[in-house]
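Geometric and topological summary
These are the residues of each chain, in order.
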Amino acid sequence: GRLDSLTDHDDATGVQLREAVEHVLEIRPGATPVASLSLVMGRDMLPFTVQTQGADGRWTVIARVADTDYAQRYVSFPPQSQPFRLVFAGEKPAPLSLREVYLFAEGQADPALAHDWQAPCDKADMMTIVAHPDDELLWFGGTIPYYAGQQGLKLQAVYMTCSNYQRRIELLNGLWHMGVRQYPVIGPFGDAYSTNMAVIYDQWGRERVRKYVMGLIRRYKPDVVVTHDRGGEYGHGAHKLCASVAQYCVERTGDEAFMPESAEKWGTWCVKKLYLHLGRENTVTMDWRVPLSSMGGKTGLELAQEAYAFHITQHKTSFAVTDEGRTSNAKFSLVYSSVGEDCIGGDFFEHI
């Protein structure tokens, strides 16, 4: 790709650099000094340093990004009016994918573009578990903007699969728009479709996927877990699997003798409540149409709809983010609780 594709405000374009010991990108500021930047990465990600050159010709590191797991990185440094460079390098020669570079003057970083992701939760208030990017919007509606954005709770989003880097960028943009600041967990499972849950279990590995979800719950220790409908919303086997494996694990995470490897590593944990989308017993209906003061007065439903707009690759489908109809994203069922059944309803954290 062309280098000017890094500044075209289009995450779908960029450059793919071949394997090298290091990759160097020189930046020449204009009239306004640059004090921070945001990078959008593609398939191949590397740590990098920000370097300036002294009068003696030597390069000095003024900022460092050591992680290799975040597809969006933000870094600030002393304002630079002279050319500086970004040096990407790992432990061995590697390729690099860059999709976009945003430059900001001091104090003028655009929060819609400068995604300064925090590490995943040490202790989550809520965990959402979905099969694919955009499922959290289509089926959970205002859950994320209300609890993460309005309430400021620590929400750990989990995606079991993500088929390509473009969908990863879309999910990150959508989460950020709804107020999530903890980087999501993106699972290692391959995208697959079948209406038969057993087929997906066979493809992902029944024991493997159970151990994976058990480890996530014990590691992030959520009080509330929200996941898919037992029927897979429209019959998707991976959605059914999420509901099945979440309930299986939630009912056993407090038993140190059950899957002892994760218990030894993270300790045991007792989830307080597990909600599945839809259902017929112990149901609650959420109101996603209440204006959220912390989110500019928009409703949770509006924010979820706006977040879905970031999922450009999925707009060819017939799905919509709605709280109406048979698969309303406002309807849930409480299938596990260690704090009693809901009495008032309309709040996943009732009794907590």
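Just above sits the structure.
Notes on the structure follow. These numbers were taken from a predicted model, which means no experiment stands behind them. (Residues numbered from 1 in each chain as written. Predicted model: local features only at pLDDT ≥ 70, side-chain atom pairs only at ≥ 80, totals over all residues. Heavy atoms only, no water.)

Should the charged atoms of two oppositely charged side chains come close, the side chains can pair. By the definition in use, this model includes 12 salt bridges. The salt bridge involving Arg 43 is made with Asp 44; its shortest N-O contact spans 3.1 Å. Between Arg 252 and Glu 251 there is a salt bridge, with its nearest N and O atoms 3.8 Å apart. Under the relative-accessibility criterion, Arg 252 is labelled partly exposed at 27%. Note on Glu 251: relative accessible area 44%, which makes it partly exposed. The structure contains a network of salt bridges with shared partners spanning Lys 123, Asp 223 and Lys 272. (Salt bridge = Lys/Arg side-chain N within 4 Å of Asp/Glu carboxyl O. Buried < 20%, exposed > 50% of the residue type's maximum accessible area, 1.4 Å probe, protein only.)

Turning our attention to the sheet that holds strand β8 (residues 94-104). Strand order in this open sheet of 4 strands is β1-β8-β3-β6, and the pairing throughout is antiparallel. The open sheet terminates on both sides in strands that have one partner only, identified here as β1 (15-20) and β6 (72-80). Between one strand axis and the next, the sheet turns by 35° as a mean value, whatever way the strands run. Taken together, the 6 bridges between strand β3 (residues 34-41) and β8 define a ladder with antiparallel strand orientation. Looking at the pairing, Ser 36 lines up with Phe 104 of β8. (Pairing = 2+ DSSP bridges. Helix = DSSP H or I, 4+ residues; strand = E, 2+ residues; numbered from the N terminus. Axes fitted to C-alpha atoms, helices over the stretch in contact; angles between N-to-C directions.)

What follows covers the packing of aromatic side chains. By the definition in use, this model includes 19 aromatic pairs. The interplanar angle of 75° and the centroid separation of 5.1 Å between the aromatic rings of Trp 117 and Trp 176 together place this pair among those described as edge-to-face. Residue Trp 117 is located in the loop between β8 and β9 (126-130), and its partner Trp 176 is located in helix α3 (residues 165-177); the two are separated by 59 residues in the primary sequence. Owing to a relative accessible area of 8%, Trp 117 belongs among the buried residues under this scheme. The class for Trp 176 is buried, based on a relative accessible area of 10%. (Phe/Tyr/Trp six-rings, centres within 6.5 Å; stacked < 30°, edge-to-face > 60°.)

Looking now at the sheet that holds strand β7 (residues 84-88). What the 4 strands build is an open sheet, ordered β2-β7-β4-β5; its pairing is antiparallel. The outermost strands of the open sheet, each flanked by one partner alone, are β2 (23-27) and β5 (59-65). When strand polarity is set aside, the average angle formed by the axes of neighbouring strands in this sheet is 25°. Pairing of strand β4 (residues 48-53) with β5 involves 6 bridges; the strand directions are antiparallel. Its bridge partner lying in β5, Gln 51 is registered against Val 61.

Here we come to the nonpolar core. Of all hydrophobic cores here, the largest spans 62 residues; its most connected members are Leu 86, Phe 88, Leu 175, Phe 332 and Phe 348. In contact with Phe 348, not counting residues within four places along its chain, are Met 126, Thr 143, Tyr 147, Val 224, Val 226, Lys 273, Tyr 275, Val 284, Met 286, Trp 288 and Phe 332. Of all hydrophobic cores here, the second largest spans 34 residues; its members include Met 127, Ala 192, Met 214 and Val 245. (Core = buried A, V, L, I, M, F, W, Y, C linked by side-chain atoms within 4.5 Å. Contact = heavy atoms within 4.5 Å.)

To continue, consider the pairing of β3. Within β3, 8 of the 8 residues are buried, which leaves it mostly tucked inside the rest of the structure. Bridging between β3 and β6 involves 6 bridges; their strand directions are antiparallel. What sits directly across from Val 40, in β6, is Gln 72.

Below, the discussion takes up the environment of Asp 10. Topologically, Asp 10 is positioned in the segment before β1. In sequence terms Asp 10 and Thr 285 are 275 residues apart; their C-alpha atoms lie 38 Å from each other. Among the polar contacts made by the side chain of Asp 10, one reaches the main-chain amide nitrogen of Ala 12 at a distance of 2.9 Å. (Polar contact = N/O pair within 3.5 Å; in protein donor to acceptor, adjacent residues only side chain to side chain.)

Remember, this is a structural readout, not a statement about activity or role.
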